[in-house]
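# Results of the structural survey
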Amino acid sequence: MSRTKHGFPYQAGVIDVGAHSTRLDLFEVASGGKITLLESLSRTVNLGYDVFRHGSVSPGNLSTLGEIMADFSRKLAEYRVRSCRVVATSAIREAFNRELVVNRIRSVSNLTLEILESQEETRISFLSMRDALRKSLPFDELSGICLVVGTGSLLVSWFEGGLMRFSEAVPLGTSRLVDAFGRSAFSIEQIMETLRSQDIRQRLRESVGLEPSRPVALVAMGASVRHLAGGCAGESAEGGGDELIELPREAIVRAVDYAVTAEPAALASEFKVSEPVAGSIAACAGILSYFLDEFNCESFICPGTTTRIALIQDLVRRSRGGGPDPFHDDLAAICGAIGHKYGYDACHAGHVARISLAIQEKLRRNFDFAPRSPVLLEVAAYLHDIGRFVDTRQHHKHSCYLIGNLQLPGVSEAELRVIAAVARYHRKAAPRESHMEYMQLSAEEKVSVLKLSAILRVADALDCTRQGRFERMRLLRRGHTLVIQVPDSGSFRQERLYLELKGGMFNEVFGLDLKIEETPLIS
């Protein structure tokens, strides 16, 4: 099929280096965004056994992985693939020698392996799941728990009103559980106790106010989940993107109870898989059993989406460019839940976020900002005061610590360090080379922290009265002065005082003075 003048259709690929196997999926992307699977190849290499037991990939498995990636590289060339994303999940992510793995793959296959952080895996999986469910269900009316059950990790999210509002990665995947408790047999009690030790229920209660009696939907993804749900519904275990399996609680409970009590050989025969895969299915059943038992799950949904489908969908979104970020409102909702947990002033946080973004937008014409700066600034603005939960006097330092230890989907660990530092410097001393949170940043990140924290200081000063008086402001440049125009609504003496106290860093960074000017605004 020939391509159009816009370059469609084109071939794209995803290589997923997992804990037990490495898989290549080849797709055709049409002009309307339709994605069709052309071919799928899978090769077994047990990286998880190496990493979860010994901390690094063994020389033998590294050599095997290199051969697999070289073969996959040739297959990509055969299909003339234009875009390809090569990722590794929990096994390589936790490997001590992950940099060596990345280097070896590049040298033998000319492919660049991306270590997919759990925060990014959570984001793309949730977006793919939401898109799939919205085609068949009133997803925005549902509330519940979303699980991505992997071999090395478990991603747990809470969604409500169509948005994700909580997420954490738990290092308890199916292979990890099998290795921890033995491949021949393990009990449901062991898995249940291991999951209870993670305090998932308590964290959900603190963040989103989930009460024990509240009925929820349980949405679960992953190969082992599809085996269980597909066997129960009489459907294929292979994910297909739009296909989903919806089961009543009683049906999934029966399937789970069977899987956790059956002998490995019987389970392998039932699902027509190898005994190691049957062990992962049993461990997955144990994980599902915990959530079914611990939460009031009235329904069970298994979307057909997979990590590879989520990756190709994300790759297509990136290639198009422009348009709103589909995860923006989710990230804001997650920040709101975190702020609620720490008793923040939601109105003040929202005012500061909007003022900060308005100032940055005004400055963009004359000053260079990193592409992701608006996201980092908005998150820092929402969370800059959560340290008050610990202590008011030094709350900027406590905010920095709390933010630095969060898990924020769609925000990398490097970006989280920048956000934490921006919150750290929203008041008091400016950054210094002796400050640990500043020393650990790269040169580019330090520049971003200086710019964003200078803006955040101004925004925080303008809302010092917590009255939202600058919601209708207008920003003007007059020479070396940034004029902040607001409707005349009384004295702004306190805001001017705070602006004088906190605006010095803004002048040092941007070379601009600040002035509040009371004037009627034209609507």
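Bear in mind the structure is a predicted one, so any value in this text is a computation, not a measurement. Position numbers for residues start from 1 in each chain and track the written sequence from start to end. Predicted model: local features are reported for residues with pLDDT of at least 70 only, side-chain atom pairs are reported and counted for 80 or more only, and whole-chain, interface and lining totals are derived from all residues. As a rule here, side-chain values cover all heavy atoms of the structure and leave hydrogens and water aside.

## Details of the confidence of the model for the protein chain
A residue's pLDDT is simply how confident the predictor is in it, with values from 0 to 100. Averaged over all residues, the pLDDT of the protein chain equals 91, while 95% of them reach at least 70. Under the DSSP-based scheme used, a helix requires at least four consecutive residues in state H or I and a strand at least two consecutive residues in state E, with every element numbered from the N terminus. Model confidence for the protein chain, summarised as mean pLDDT per element, is weakest for helix 6 (residues 174–181) at 79 and strongest for helix 16 (residues 373–383) at 98. The criterion used for residue contact is that any of the two residues' heavy atoms lie within 4.5 Å. Note on residues 1–6: pLDDT is under 50 here. Beyond four places in sequence and across chains, it has 9 contacts.

## Examining the packing of aromatic side chains
Here the aromatic set is Phe, Tyr and Trp, taking the six-membered ring for Trp, and pairing holds for ring centres within 6.5 Å; pairs whose planes are under 30 degrees apart are stacked, those over 60 apart are edge-to-face, and all others are tilted. Taken as a whole and assessed by the stated rule, the structure comprises 11 aromatic pairs. Ring centres 6.3 Å apart and planes at 65 degrees place the aromatic pair Phe-126 and Phe-139 in the edge-to-face group. Of this pair, Phe-126 sits in helix 5 (residues 118–134) while Phe-139 sits in the loop between helix 5 and strand 6 (143–149), and the two are 13 residues apart along the sequence. Its relative accessible area of 1% is what places Phe-126 among the buried residues. Summary of the burial criterion: residues with accessible area below 20% of their type's maximum are buried, those above 50% are exposed, and those between are partly exposed, where the area comes from a 1.4 Å probe applied to protein chains only. For Phe-139, a relative accessible area of 1% puts it in the buried group. Both rings, one in Tyr-290 and one in Phe-291, keep their centres 4.9 Å apart while their planes meet at 85 degrees; by these two values the pair is edge-to-face. Any Lys NZ or Arg CZ found within 6 Å of a ring centre and within 35 degrees of that ring's normal is scored as a charge over the ring. In this structure, Arg-201 is placed above the aromatic ring of Phe-295, and the distance from its NZ or CZ to the ring centre is 4.8 Å. The cationic tip of Arg-469 hangs over the ring face of Phe-492; the distance from NZ or CZ to the ring centre is 4.2 Å.

## Structural notes on the sheet that holds strand 11 (residues 297–303)
With mixed pairing, the 6 strands of this open sheet are ordered in space as 8-7-6-9-11-10. Of all the strands in the sheet, the pair left with one neighbour each is strand 8 (163–170) and strand 10 (244–248). If you compare each strand with its neighbour and ignore which way they point, the axes differ by 20 degrees on average. In short, DSSP must find at least two bridges between two strands for them to pair. As paired strands, strand 6 and strand 7 (residues 154–160) are joined by 7 bridges and run antiparallel to one another. The residue bridging Leu-147 from the neighbouring strand is Val-156, located in strand 7. The sheet strands contacting helix 8 (residues 200–208) are strand 6, strand 7 and strand 8, and the helix crosses strand 8 at an angle near 150 degrees. Only the stretch in contact is used when fitting a helix axis, every axis being a line fitted to C-alpha atoms; angles between N-to-C directions are given from 0 to 180 degrees.

## Some details on the sheet that holds strand 14 (residues 513–518)
Spatial ordering of the open sheet is given by 12-13-14, a layout of 3 strands whose pairing is mixed. Every interior strand has two partners, whereas the edge strands, strand 12 (474–478) and strand 14, have only one. Strand-to-strand twist in this sheet, taken as the mean axis angle between neighbours without regard to direction, amounts to 25 degrees. Note: strand 13 (residues 481–486) against strand 14, 6 bridges, orientation parallel. When the sheet's bridge partners are listed, Leu-482 is paired in strand 14 with Leu-514. Most of the contacts of helix 15 (residues 346–363) go to strand 12, to which it runs at about 35 degrees, and overall it touches strand 12 and strand 13.

## Quick look at the nonpolar core
Residues enter a nonpolar core if they are buried and are Ala, Val, Leu, Ile, Met, Phe, Trp, Tyr or Cys, with the set joined through side-chain atoms within 4.5 Å. Of all hydrophobic cores here, the largest spans 75 residues; its most connected members are Ile-359 and Phe-506. It is helix 20 (residues 443–462) that contributes the most residues to this core, 9 residues altogether. Here Ile-359 is in contact with Ile-455, Val-458, Met-473, Leu-475, Leu-482 and Phe-506, once residues within four sequence places are set aside. Counting 53 residues, the second largest nonpolar core, distinct from the first, contains Phe-166, Ile-200, Leu-247 and Val-256.

## With respect to the layout of surface pockets
Only protein atoms enter the 1 Å grid used here, on which a cavity is any set of points holding a 1.4 Å probe that cannot leave and a pocket is any open set flanked by protein within 12 Å on both sides along at least five of seven lines; residues with an atom within 4 Å of a point are listed as lining. Grid points are joined across faces, edges and corners, and a volume is the space filled by probe spheres set on the points. Reported here for the largest pocket is a volume of approximately 1,100 Å³. Taken together, 39 residues line the largest pocket, and the ones lying closest to its centre are His-20, Ser-21, Thr-151, Ala-223 and Arg-308. Where the lining of the largest pocket is concerned, the elements lending two or more residues are strand 2 (21–29), strand 3 (35–44), helix 5, strand 6, helix 9 (223–233), helix 12 (275–294) and helix 13 (307–320). Here the element with the most residues in the lining of the largest pocket is helix 9; it accounts for 4 residues.

## Re a nonpolar patch on the surface
A cluster of nonpolar side chains, contributed by Leu-497, Tyr-498 and Leu-501, occupies part of the molecular surface with about 300 Å² of accessible area. Mapped onto the elements of the fold, Tyr-498 is located in helix 21 (residues 493–502). The class for Tyr-498 is partly exposed, based on a relative accessible area of 34%. Patch membership requires more than 30% relative accessible area and the absence of a salt bridge. Residues of like charge join within 9 Å; the nonpolar side chains Val, Leu, Ile, Met, Phe, Trp and Tyr join within 5 Å. Every accessible area reported is derived by Shrake-Rupley at a probe size of 1.4 Å, with residue values counting cover from the shown protein chains alone. The salt bridge criterion pairs a side-chain nitrogen of Lys or Arg with a carboxyl oxygen of Asp or Glu, the two atoms within 4 Å.

## Remarks on the state of the cysteines
Any two cysteine sulfur atoms within 2.5 Å of one another count as a disulfide. The tally for this structure, following the rule as stated, stands at 0 disulfides. Not part of a disulfide, Cys-232 finds its nearest cysteine sulfur in Cys-302, a span of 11 Å. A relative accessible area of 32% places Cys-232 in the partly exposed class. Residue Cys-284 stays outside any disulfide, its sulfur separated by 8.8 Å from that of Cys-302, the closest cysteine.

## Details of unusual backbone geometry
The phi angle at Lys-272 is positive, at roughly 55 degrees, despite the residue not being glycine. What makes Lys-272 exposed here is its relative accessible area of 75%. Here the phi dihedral of Lys-428 falls at roughly 65 degrees; this positive angle occurs in a residue that is not glycine. Within the secondary structure, Lys-428 is located in the loop between helix 18 (413–424) and helix 19 (436–439).

## Structural notes on helix 18
The span one expects for a helix is its residue count, reduced by one, times 1.5 Å. End to end, helix 18 covers 16 Å across 12 residues, agreeing with the expected 16 Å (1.5 Å per residue, within 8%). The element helix 18 is extensively covered by neighbouring structure, given that 9 of its 12 residues are classed as buried. By the burial criterion, the buried members of helix 18 are Glu-415, Leu-416, Val-418, Ile-419, Ala-420, Ala-421, Val-422, Ala-423 and Arg-424. For helix 18, the secondary structure elements touched by its buried residues are helix 16, helix 17 (395–404), helix 19 and helix 20.

## Points about helix 16
The buried count for helix 16 comes to 10 of 11 residues, which makes it a mostly enclosed element. Along helix 16, the positions that sit buried rather than exposed are Ser-373, Val-375, Leu-376, Leu-377, Glu-378, Val-379, Ala-380, Ala-381, Tyr-382 and Leu-383.

## Some details on the pairing of strand 13
With respect to burial, strand 13 is a largely interior element, 6 of its 6 residues being buried. Residues Thr-481, Val-483 and Gln-485 of strand 13 are buried on one face, and the alternating residues Leu-482, Ile-484 and Val-486, pointing to the opposite face, are buried as well. Sheet analysis places strand 12 next to strand 13, joined by 5 bridges and oriented antiparallel. Along strand 13, the bridge assignment pairs Leu-476 with Val-483.

## Re the packing of helix 14 (residues 328–341) against helix 16
Interhelical geometry of helix 14 versus helix 16 gives an angle of 20 degrees and a closest axis separation of 9 Å. As judged from the angle between their axes, helix 14 and helix 16 are roughly parallel. Relative to helix 16, the crossing made by helix 14 is right-handed. Contacts between helix 14 and helix 16 involve His-328, Leu-331, Ala-332, Cys-335, Ile-338 and Gly-339 from the former and Val-375, Glu-378, Val-379, Tyr-382 and Leu-383 from the latter. Residues that form the contact of helix 14 with helix 16 fall into these classes: 8 nonpolar, 2 polar and 1 charged. When an angle is under 35 degrees it counts as roughly parallel; over 145 it counts as roughly antiparallel; between 65 and 115 it counts as roughly perpendicular; any other value is oblique. Crossings are assigned a handedness: left-handed for a near helix turned anticlockwise from the far helix by less than a right angle, right-handed for a clockwise turn. Under the grouping applied here, Gly and all other residues not named as nonpolar or charged are polar, the nonpolar ones being Ala, Val, Leu, Ile, Met, Phe, Trp, Tyr, Cys and Pro and the charged ones Asp, Glu, Lys and Arg.

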